[in-house]
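Now for the letters of each chain:
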Amino acid sequence: MTRYEYAKDLYAKIGIDTEKAIEKLAALPVSMHCWQGDDVVGFDSKEALSGGIQTTGNYPGKATTPDELMADIDKACSLIPGKKKLNLHACYAIFENGEFADRDALEPKHFAKWVEYAKARGMGIDFNPTYFSHPMVKDNLTLSSPDEEVRTFWVNHGKACLKIAEHFANETGVPCVMNIWIPDGYKDIPADRLAPRARFKKSLDEILSVPYDKSKVYITLESKVFGIGLESYTVGSAEFSLSYVNYKGITPLMDNGHYHPTEVVSDKISSLLLFNEKIALHVTRGVRWDSDHVVIFDDETKEIAKEIVAHDALDRVFIATDYFDASINRVAAWVIGLRNVQKAMLNALLTPHAELKALQDSANTTKLLVMQEELKNYPLADVWNEYCSRCGVPSGEEWFAEVEKYEAEVLSKR
Ligand code: RNT
Ligand code: ZN
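The structure contained in this document is the topic of the report that follows. All figures in this text were calculated on a predicted structure; none of them were measured in a lab. (Residues numbered from 1 in each chain as written. Chains lettered and ligands numbered in written order. Predicted model: local features only at pLDDT ≥ 70, side-chain atom pairs only at ≥ 80, totals over all residues. Heavy atoms only, no water.)

## A look at the coordination of the zinc ion (ligand 2)
Keep this limit in mind: The rule for donors is simple: an N, O or S atom within 2.8 Å of the metal counts, and for Na, K and Ca the reach is 3.2 Å. Water is not among the atoms, so a site may look short of donors. Angular criteria define each label, namely tetrahedral for four donors with all angles between 85 and 135 degrees, square planar for four and octahedral for six donors with opposite donors over 155 degrees apart and remaining angles between 65 and 115, and irregular for whatever fails these tests. Helix and strand assignments come from DSSP, with helices taken as H or I runs of at least 4 residues and strands as E runs of at least 2, each series counted from the N terminus. Exposure classes here rest on a 1.4 Å probe applied to the protein chains alone. A residue is buried below 20% of its type maximum, exposed above 50%, and partly exposed in between.
Bound to the zinc ion (ligand 2) are the protein donor atoms Glu-222 (OE), Asp-255 (OD), His-282 (ND1) and Asp-322 (OD), situated 2.1 to 2.2 Å from the metal. Seen from the zinc ion (ligand 2), its six donor atoms lie at angles of 72 to 172 degrees, and the figure they make is octahedral. Each donor residue of the zinc ion (ligand 2) belongs to the same chain, with the gaps between them written as E-x32-D-x26-H-x39-D. Of this pair, Asp-255 sits in strand β8 (residues 251-255) while Asp-322 sits in the loop between β10 (317-321) and α10 (330-349), placing them 67 residues apart in sequence. Of the two residues, Asp-255 and Asp-322, both sit in the buried class.

## Some words on the site of ligand 1
The test is simple: Here a residue is considered near a molecule or strand provided that any single heavy atom belonging to it is located within 4 Å of it. In the analysis that follows, any N or O atom pair within 3.5 Å is treated as a polar contact, provided that within protein one partner can donate a hydrogen and the other can accept it, and provided that, for residues neighboring in sequence, both atoms belong to side chains. To measure how exposed things are, a 1.4 Å probe is used in the Shrake-Rupley method; for residues, cover is taken only from the protein chains shown. Under the scheme applied here, ten amino acids are nonpolar (Ala, Val, Leu, Ile, Met, Phe, Trp, Tyr, Cys and Pro), four are charged (Asp, Glu, Lys and Arg), and all others, including Gly, are polar.
The environment of ligand 1 is formed by 13 residues, the closest being His-89, Glu-222, Lys-224, His-258 and Asp-322. In this structure, an oxygen atom belonging to ligand 1 sits 3.4 Å away from a side-chain N or O atom of Asp-290. Residue Asp-322 places a side-chain N or O atom 2.8 Å away from an oxygen atom belonging to ligand 1. Contact with the protein chains removes 99% of the 310 Å² of surface that ligand 1 exposes when unbound. Its residues assigned to classes, the shell around ligand 1 shows five nonpolar, three polar and five charged.

## Side note on the packing of helix α11 (residues 353-361) against helix α12 (residues 365-374)
Let me state the cut-off plainly: Under this scheme, a helix contributes an axis fitted over its contacting stretch, all axes are lines through C-alpha atoms, and angles between N-to-C directions fall in the 0 to 180 degree range. Any angle from 65 to 115 degrees is called roughly perpendicular, while one under 35 is roughly parallel, one over 145 is roughly antiparallel, and all others are oblique. Left-handed is the label given to a crossing in which the near helix is rotated counterclockwise from the far helix by less than a right angle, and right-handed is the label when the rotation is clockwise. Throughout, a residue-residue contact means that at least one pair of heavy atoms, one from each residue, lies within 4.5 Å.
Across the interface, α11 lies against α12 with an axial gap of 8 Å and an inter-helix angle of 155 degrees. Accordingly, the angle class assigned to the pair α11 and α12 is roughly antiparallel. For the element pair α11 and α12, the recorded crossing hand is left-handed. In contact with Leu-356, Leu-359 and Gln-360 of α11, α12 contributes Thr-365, Lys-367, Leu-368 and Met-371.

## What about helix α1 (residues 3-13)?
Worth spelling out the cut-off: This arc describes the spread of directions from the helix axis toward the C-beta atoms.
By the burial criterion, the buried members of α1 are Tyr-4, Ala-7 and Tyr-11. Seen end-on, α1 carries its buried residues on one side only, within an arc spanning 60 degrees. Summarising the contacts, the buried residues of α1 are in contact with α2 (18-27) and α13 (380-391). Looking at the residues trailing α1, positive phi occurs at Gly-15, about 80 degrees.

## As for the pattern of salt bridges
This is how the line gets drawn: Salt bridges are counted wherever a side-chain nitrogen of Lys or Arg sits within 4 Å of a carboxyl oxygen of Asp or Glu.
This model, assessed by the stated rule, comprises 23 salt bridges. Among the salt bridges present, the one from Lys-224 reaches Asp-290, with a minimum N-O distance of 3.4 Å. Of this pair, Lys-224 sits in the loop between β6 (217-222) and β7 (233-234) while Asp-290 sits in the loop between β9 (279-283) and α9 (299-310); the two residues are 66 residues apart in sequence, bridging distant segments of the chain. The buried category is assigned to Lys-224, whose relative accessible area is 6%. Of the residues examined, Asp-290 reaches a relative accessible area of 6% and is grouped as buried. One salt bridge in this structure joins Arg-390 and Glu-386, with 2.8 Å as the shortest N-O distance. Of this pair, Arg-390 and Glu-386 both sit in helix α13, four residues apart, roughly one helical turn. For Arg-390, a relative accessible area of 42% gives the class partly exposed. Its relative accessible area of 21% is what places Glu-386 among the partly exposed residues. Connected through salt bridges with shared partners, the residues Glu-19, Glu-386 and Arg-390 form a single ionic network.

## Topic: α9
Threshold: In this analysis, the expected span of each helix is defined as 1.5 Å times one less than the number of residues it contains.
Between its first and last C-alpha, α9 extends 16 Å over twelve residues, near the 16 Å set by a 1.5 Å rise per residue. The set of residues buried in α9 consists of Glu-300, Thr-301, Ile-304, Ala-305, Glu-307, Ile-308, Val-309 and Ala-310. The inward-facing, buried residues of α9 contact α8 (269-275), β9, β10, α10 and α11. Looking one or two residues past α9, Asp-312 carries a phi angle of roughly 55 degrees, positive in sign.

## A closer look at the packing of aromatic side chains
To keep things clear, this is the line we draw: The criterion for an aromatic pair is that two Phe, Tyr or Trp rings (for Trp, the six-membered ring) have centres within 6.5 Å, with stacked assigned to planes under 30 degrees apart, edge-to-face to planes over 60 apart and tilted to the rest. Any Lys NZ or Arg CZ found within 6 Å of a ring centre and within 35 degrees of that ring's normal is scored as a charge over the ring.
All told, the structure shown has 17 aromatic pairs when counted by the stated rule. Residues Phe-43 and Tyr-92 carry aromatic rings whose centres are separated by 5.5 Å and whose planes lie at 85 degrees to one another, so their mutual orientation is edge-to-face. Separated by 49 residues along the polypeptide, Phe-43 in the loop between β1 (29-33) and α3 (66-77) and Tyr-92 in the loop between β2 (83-89) and α4 (112-120) bring together distant segments of the chain. Across the pair, Tyr-92 and Phe-43 agree in class, each one buried. Through successive ring pairs, a cluster of aromatic residues spans Phe-200, Phe-240, Tyr-244 and Tyr-247. Above the face of the Phe-297 ring, Lys-302 is positioned so that its terminal group lies 4.5 Å from the ring centre. Between the NZ or CZ atom of Lys-343 and the centre of the ring of Phe-297, over which it lies, the distance is 5.9 Å.

In C-alpha cells, the structure reads:
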C-alpha cells in the first residue's frame, strides 16, 4: 500500500474522497501576479515605485526585460501545481521599435506579446490599471484628484484598460478580472473627506460608462485602509468600495493586507458571498502592516481557503496572489506563495465541512474543537505529494534545487 492509498483510506473514513479533492483543486485557477518578478517596476516608466506600497530588499537577478520576466514566470510555473492564470498590471505594457504610449493611450497591441505568451500556455489573463509610479500621480491623487487634467488622464487610463481587458478575454477565451485599486489618500488629517470620495465615484462612473461584456470582464474594486505616507485617510476605504460595488453591481476585492490587524478576511468572505454573485481576493501576508510578505501555510490562509470550500464557492471566488519580496530569490518567492495557496485549498478540500457544521448546529462545540484539532494530524502531505506528482511538479523541497540551478545559470548572469 502506498502512502497515498493509506491516506485515501483514512480520509474516506471521515467521508472525504481524496480523488474528488484532487480533481477540484486541479481545475481551480489561481491568478499569479507578474509583479513579484521585478519588484512592481514594469516596463513603461523609470519612476520609483509610489502609491504607498513598498518592496524591500535587493536580492540580485531581478527581471528587467519582458523576456526575462516571462522566463522567470515559466520557471516558477514549472514548480507550482494546478491551473494558473496570468495577472498583469498596465505598467507591464511592452513597447517595440521605439514606440511608446502613455497610460491614457494604451491599446491591446501593447500587450500582444503577453497574449501570445498566455495563449501558448493555455492561460487566461487578469488585468490591473496602474494608478501609481507615474508623473501624473499628483499630490498622491489620481482618480480623486481635484485637478481636472489629472483626474481625466486617469479616467482615460481606466477606459483604455477596460478595452484591453475585454481583448484579453476575447483572445484567451477566459473571462478577465480587471481590478481597480488606487493609492489616493492623505498622510495627515484631511479637511475634507467627502470631496475626494465624490470625485472617485464620479471617475469610476465615467470609466464604467464604457460598454463592456459583463460575461467576459469582471471589474473588481479593491479597498485599502492605509498606505505608507497615506496613513490618515485613503479615498478607497472599505465602506466606499463595498458601497460602490453594490451600487454598480461590480465585484468586491479583498486584499488580506488591507484591514486593521485584528480584522481577518476569512471572516468577511461569507458576508460578501451572501450579497455578491462573485468576489475576488488578493492573497498576501502582512507582517505588522501591509508588508506583502510571501504567503505561507498559516492559519489565516487556511481559514480563507476553508471559507471558499465550506460554502461551495470555488466558482464564485477569483483567487489571486499579491505579494512582493525583493529580499529573497524572486522565483522561489513565487513558488513558495503559490504552492501554499494550493496547499491551503487542498487542506480545505480534505475537511469534512458538513460534519463540522452539524457539530456547530447541535451546539457540540467541545467535539467541534476536538475534531478541528485532530484533523490537523491527518495525512495532508501524502495527498499533496500525490497531487504534485500528477501535476508533474516536484512534491517536496527538491523543487528548490531547480531554482538554485536557475539562479546559477540565469539569474546570477543578469
Ligand atoms: C496595494 C494593493 C494592490 C497592489 C498591486 C500591485 O496595496 O494591494 O493590489 O499590490 O496592484
Ligand atoms: Zn492587493
